[in-house]
Amino acid sequence: MRNIIQLLNVLLLSLLPLSSQSVIAAEQEHALKAGFLYNFARYGDWQENTAENNEFILCSSDEAFINTARKVLNHRSVDNQPIIMQQITLETEQVNKCQLLFITTKTFSDWLNLKQSQSSILVNTMVVGESQGFIEAGGHIRFFIASGKIRFEISPKQLQQSGITMSSKVLRLGRVLDR
């Protein structure tokens, strides 16, 4: 019995570095995506400025992402508006306060439920995600990994339907989808 406990302790201790490495890798990926979101915000053009108190509001319901984005985008601004990161629940009244909404893989099913309950398109909210089928489900921009690098695909048509246009500088960098 004592040998089994010692063996379990050794196994547990050997797994700790792996779990901390995966946490660091996830945080690094969130940091890179936060940087992309910042540039999407800088090069996006919202037809109506719905910002409250002259702030640019970036939202996600993923707490880990928001915590990392706060570190990365601290003291950044979009069109002279400070970026405010807000963790929200995916409910219509909260989502409508966001200019940019990031949907992680963890929160994709909640977003799909929100989309099904909503009869209209989100207006003045850029919706970015990372799940397979995200753009087909009504999202605007989707991150994907290719050759070990973060890439994105974008639907300018769906962005326009939400009252947002994207600079051609960004469109040249991504995979443009006509849907």
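Heads up: the structure comes first, above all this text.
Here's a quick rundown of the structure. Computed from a predicted structure; not experimentally measured. (Residues numbered from 1 in each chain as written. Predicted model: local features only at pLDDT ≥ 70, side-chain atom pairs only at ≥ 80, totals over all residues. Heavy atoms only, no water.)

### What about the pairing of strand S8 (residues 149-154)?
- Here strand S7 (residues 141-146) pairs with S8 via six bridges, running antiparallel. By the bridge assignment for S8, Phe144 is matched with Arg151.
- Two elements, S8 and strand S10 (residues 175-176), share two bridges in a ladder whose sense is parallel. Paired with Glu153 across the strands is Arg175, a residue of S10. (Pairing = 2+ DSSP bridges. Helix = DSSP H or I, 4+ residues; strand = E, 2+ residues; numbered from the N terminus.)

### Concerning the side chain of His140
- Its place among the elements puts His140 in the loop between strand S6 (126-129) and S7.
- His140 gets classed as buried once you look at its relative accessible area, which sits at 2%.
- Dropping the residues within four chain positions of it, His140 is found in contact with Thr125, Met126, Val127, Phe134, Ile135, Glu153, Ile154, Ser155, Gln158, Leu159 and Ser162. (Buried < 20%, exposed > 50% of the residue type's maximum accessible area, 1.4 Å probe, protein only. Contact = heavy atoms within 4.5 Å.)

### Description of the nonpolar core
- Counting residues in hydrophobic clusters, the biggest one holds 28 residues, and the most contacted among them are Leu37, Phe40, Met126 and Val128.
- The dominant element in this core, judged by the number of residues it contributes, is helix H1 (residues 2-43), at five residues.
- Among residues more than four places away in sequence, those in contact with Leu37 are Leu58, Phe65, Leu100, Phe102, Val128 and Phe143.
- Formed by 14 residues, the second largest nonpolar core is a distinct cluster that contains Cys98, Leu101, Phe108 and Trp111. (Core = buried A, V, L, I, M, F, W, Y, C linked by side-chain atoms within 4.5 Å.)

### Concerning the environment of Ala31
- With respect to the element layout, Ala31 can be found in helix H1.
- Along the backbone, Ala31 and Asn67 are 36 residues apart, and their C-alpha atoms lie at a distance of 9.7 Å.
- Once you skip the residues sitting within four places of it in the chain, Ala31 turns out to touch Thr68 and Val72.

### Focus on the state of the cysteines
- Inspection of every chain in the model, using the stated rule, returns one disulfide.
- Note that Cys59 is cross-linked by a disulfide to Cys98, the S-S spacing being 2.1 Å. One disulfide, between Cys59 and Cys98, carries an S-S torsion of -100 degrees and so falls in the left-handed class. Of the two residues, Cys59 sits in strand S2 (residues 56-60) while Cys98 sits in the loop between helix H3 (92-95) and strand S5 (100-103), which places them 39 residues apart along the sequence. Neither Cys59 nor Cys98 differs from the other in exposure class; each is buried. (Disulfide = S-S within 2.5 Å.)

### Some remarks on the pattern of salt bridges
- Overall, the coordinates contain six salt bridges when judged by the stated rule.
- Here Glu27 ties to Lys71 by a salt bridge, and the two come within 3.6 Å at their closest N and O atoms. A residue pair is termed long-range when its members are at least 10 positions apart, and Glu27 in helix H1 and Lys71 in helix H2 (residues 63-72) qualify at 44 residues.
- Overall, the relative accessible area of 36% leaves Glu27 in the partly exposed class.
- Classification of Lys71 as exposed rests on a relative accessible area of 58%.
- One salt bridge connects Lys106 with Asp62, and the closest N-O pair in it is separated by 3.7 Å. Separated by 44 residues along the polypeptide, Lys106 in the loop between S5 and helix H4 (108-117) and Asp62 in the loop between S2 and H2 bring together distant segments of the chain.
- Residue classification places Lys106 among the exposed positions, given a relative accessible area of 63%. (Salt bridge = Lys/Arg side-chain N within 4 Å of Asp/Glu carboxyl O.)

Worth remembering: the numbers are spatial, not functional.
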